[in-house]
Amino acid sequence: MKYVLAELSDLSAIRQLMAKYHRDTIAPEDMADGFVTTALSDEQFADLIVRERGVMLAKDGDKVAAFALAASWEYWQQVPIMQKMIDILPQMPAVDGVVLTRENTYQYGPVCVDRAYRGTGVFEEIFRASLHEYAAKYPVMVTFVNQINPRSYAAHTRKAGMREIATFDFNDNHYWMLAIPTK
């Protein structure tokens, strides 16, 4: 397995994996195993891949086994739930002495791992690769998890070492806000 930043030529494979596990297209019986909710246009994905360099892939040969998205708040402010996070960021507790701002944190997620690769360490490795990619620029990574997705919460807190710093509500959904130092 290799962990690399995505290129535009990977977009079709990323889209296929996202469609397989997106809340709007996943089989209801598979929801308990985790799902993603973020929806981006091809233009937004292209910007994320090229300008932000924010799509980390786990590749098994030519197959995309997993992806993890990450970007600055400048990028994410176009997404309404991310704007909510930007608004509440100053109210969050410090993480390892770092008072959280939109300049010293970034948003990670979603992450999506193909079922065939779950439980093999791919999640932990793609998380670390994504964290490493932004560590020189930001001291803290922030994310959110929908409270109806306990599998994702468990993966991020137990396997990735993130800690819950708050909860918030958006569009009649309840979320955990998580953070971790990048170094």
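As the structure is a computational prediction, the values presented were derived from the model and not from experiment.

Rules behind the numbers
- Residues numbered from 1 in each chain as written.
- Predicted model: local features only at pLDDT ≥ 70, side-chain atom pairs only at ≥ 80, totals over all residues.
- Heavy atoms only, no water.
- Pairing = 2+ DSSP bridges.
- Helix = DSSP H or I, 4+ residues; strand = E, 2+ residues; numbered from the N terminus.
- Axes fitted to C-alpha atoms, helices over the stretch in contact; angles between N-to-C directions.
- Contact = heavy atoms within 4.5 Å.
- Phe/Tyr/Trp six-rings, centres within 6.5 Å; stacked < 30°, edge-to-face > 60°.
- Buried < 20%, exposed > 50% of the residue type's maximum accessible area, 1.4 Å probe, protein only.
- Left-handed = near helix turned anticlockwise from the far one by under 90°.
- Parallel < 35°, antiparallel > 145°, perpendicular 65-115°, else oblique.
- Polar contact = N/O pair within 3.5 Å; in protein donor to acceptor, adjacent residues only side chain to side chain.

### Side note on the sheet that holds strand E1 (residues 2-5)
Then step 1. Spatially, E1-E2-E3-E4-E5-E7-E6 is the arrangement adopted by the 7 strands of the open sheet, whose pairing is mixed. One side of each edge strand has no neighbouring strand; the edge strands of this open sheet are E1 and strand E6 (163-170). Averaged over all neighbouring strand pairs, the angle between strand axes comes to 30°, with direction disregarded.
Then step 2. In this sheet, strand E5 (residues 140-146) lies alongside strand E4 (residues 105-113) in parallel orientation, the contact comprising 3 bridges. Within E5, the position partnered with threonine 105 by the bridge is valine 140.
Then step 3. Together, strand E2 (55-60), strand E3 (63-71) and E4 form the strand contacts of helix H1 (residues 11-21), whose direction differs from that of E3 by roughly 90°.
Then step 4. The strands that helix H4 (residues 80-88) touches are E4, E5, E6 and strand E7 (173-181); relative to E6, the one it contacts most, it runs at about 120°.

### Quick word on unusual backbone geometry
Then step 1. At the junction of glycine 109 and proline 110, the peptide bond is cis and its omega measures out at 5° in the coordinates.
Then step 2. For proline 110, the position within the fold is in strand E4.
Then step 3. Even without glycine at this site, aspartate 96 takes up a positive phi of about 50°.
Then step 4. Checked against the element boundaries, aspartate 96 lands in the loop between H4 and E4.

### Looking at the packing of aromatic side chains
Then step 1. In this structure the tally under the stated criterion is 10 aromatic pairs.
Then step 2. Measuring from centroid to centroid gives 5.4 Å for phenylalanine 144 and tyrosine 175, while their planes differ by 80°, and the two rings are edge-to-face. Remark: tyrosine 175 occurs in strand E7 and phenylalanine 144 occurs in strand E5; sequence separation between them is 31 residues.
Then step 3. Judged by its relative accessible area of 14%, phenylalanine 144 is buried.
Then step 4. Take tyrosine 175: its relative accessible area is 5%, and that puts it in the buried class.
Then step 5. Members of the aromatic cluster, joined through ring pairs, are Tyr106, Tyr134 and Tyr138.

### A word on the packing of H1 against helix H2 (residues 42-50)
Then step 1. Orientation of H1 relative to H2, taken along the N-to-C sense of each, is 115°, at an axis distance of 11 Å. For H1 against H2, the interelement crossing comes out right-handed. Along the contact surface, H1 presents Leu11, Ile14, Arg15 and Met18, while H2 presents Asp42, Phe45 and Ile49.

### Notes on the environment of aspartate 33
Then step 1. Examined against the element boundaries, aspartate 33 turns out to sit in the loop between H1 and H2.
Then step 2. Each C-alpha atom, one on aspartate 33 and one on tyrosine 21, is 9.4 Å from the other, the two residues being 12 residues apart in sequence.
Then step 3. In contact with aspartate 33, not counting residues within four places along its chain, are Arg115, Arg118 and Arg151.

### Comments concerning the packing of helix H5 (residues 122-134) against helix H6 (residues 150-159)
Then step 1. Their axes nearest at 11 Å, the elements H5 and H6 cross at an angle of 65°. Here H5 is positioned roughly perpendicular relative to H6, judged by the angle of their axes. H6 is crossed by H5, and the crossing has right-handed handedness. Contacts from Phe123, Glu124 and Phe127 of H5 reach H6 at Ala155, His156 and Lys159.

### Observations regarding the side chain of threonine 105
Then step 1. For threonine 105, the location among the structural elements is in strand E4.
Then step 2. Judged by its relative accessible area of 0%, threonine 105 falls in the buried class.
Then step 3. A distance of 2.7 Å separates polar atoms of two side chains, one belonging to threonine 105 and the other to tryptophan 73.
Then step 4. A distance of 2.7 Å separates the side chain of threonine 105 from the backbone oxygen of threonine 101, its partner in a polar contact.

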